[in-house]
Amino acid sequence: MDMAYVIITVITIVANAGIAVADLASAEFVLANSAAVGVPRSWLPWLGALKGTGAVGLLLGLLGAAPLGTAAAGGLVLFFVGAVVAHVRVRAYATLAGPAGYLGLAVASLVLTVLR
């Protein structure tokens, strides 16, 4: 297995699992970021579940279910494209780095998944 694929995918898994927990726990920074882009607090459990599901899918891809890993990476790319668009739409540039970073990890994971 390609080491770059493993390293980037593990980083993406850990990052998304961490932010999923923060969403589910309604961490203060999550509440502030979601308020900045107009995301209702009631959406946070669903958004956290999507991020957590993406992390689990990437993990299963690492463990041998390659199509599931590819689908999870693609889903995370779409999710974070939406998050970046939401931030840009309301000009919330101060909080754009987070979703952009997660998008970068998701894109890297997707590309490396497809190339392996």
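Source: prediction; values computed, not measured. (Residues numbered from 1 in each chain as written. Predicted model: local features only at pLDDT ≥ 70, side-chain atom pairs only at ≥ 80, totals over all residues. Heavy atoms only, no water.)

One non-glycine residue, Ser26, lies in the positive phi region at around 50°. Summarising the element assignment, Ser26 is placed in the loop between helix H1 (3-24) and helix H2 (28-37). Overall, Ser26 belongs to the partly exposed group, its relative accessible area being 23%. Residues other than glycine seldom take positive phi values, yet Arg91 does so here, at roughly 60°. (Helix = DSSP H or I, 4+ residues; strand = E, 2+ residues; numbered from the N terminus. Buried < 20%, exposed > 50% of the residue type's maximum accessible area, 1.4 Å probe, protein only.)

Let us now look at the nonpolar core. Core analysis: the biggest nonpolar cluster contains 17 residues, and Ile13, Leu58, Leu76, Phe80 and Leu103 have the highest contact counts within it. Contributions of two or more residues to this core are made by H1, helix H3 (44-62), helix H4 (66-89) and helix H5 (97-115). Among the elements that make up this core, the one with the highest residue count is H4 (eight residues). Those residues within four positions of Ile13 in sequence are excluded, and the remaining contacts are Ala55, Leu58, Leu59 and Leu62. Within the second largest apolar cluster, six residues are counted, among which are Ile19, Ala27, Val30 and Leu31. (Core = buried A, V, L, I, M, F, W, Y, C linked by side-chain atoms within 4.5 Å. Contact = heavy atoms within 4.5 Å.)

Moving on to the packing of H4 against H5. One way to put it is that H4 packs onto H5 with a least axis distance of 8 Å and a crossing angle of 155°. Comparing their axes, H5 and H4 come out roughly antiparallel. Where H4 crosses over H5, the handedness of that crossing is left-handed. Counting all contacts with H4, which are made through Gly69, Thr70, Ala73, Gly74, Leu76, Val77, Phe80, Val81, Ala83, Val84 and His87, the residues of H5 involved are Pro99, Ala100, Tyr102, Leu103, Ala106, Val107, Ser109, Leu110, Thr113 and Val114. Residue composition of the contact of H4 with H5, by class: 15 nonpolar, six polar and no charged. (Axes fitted to C-alpha atoms, helices over the stretch in contact; angles between N-to-C directions. Parallel < 35°, antiparallel > 145°, perpendicular 65-115°, else oblique. Left-handed = near helix turned anticlockwise from the far one by under 90°. Nonpolar A, V, L, I, M, F, W, Y, C, P; charged D, E, K, R; others polar.)

This next bit is on H5. With 19 residues, H5 should reach 27 Å at 1.5 Å per residue; the first-to-last C-alpha distance of 27 Å fits that figure. Buried within H5 we find Pro99, Leu103, Ala106, Ser109, Leu112 and Thr113. Contacts made by the buried residues of H5 are with H1 and H4. (Expected span 1.5 Å × (residues − 1).)

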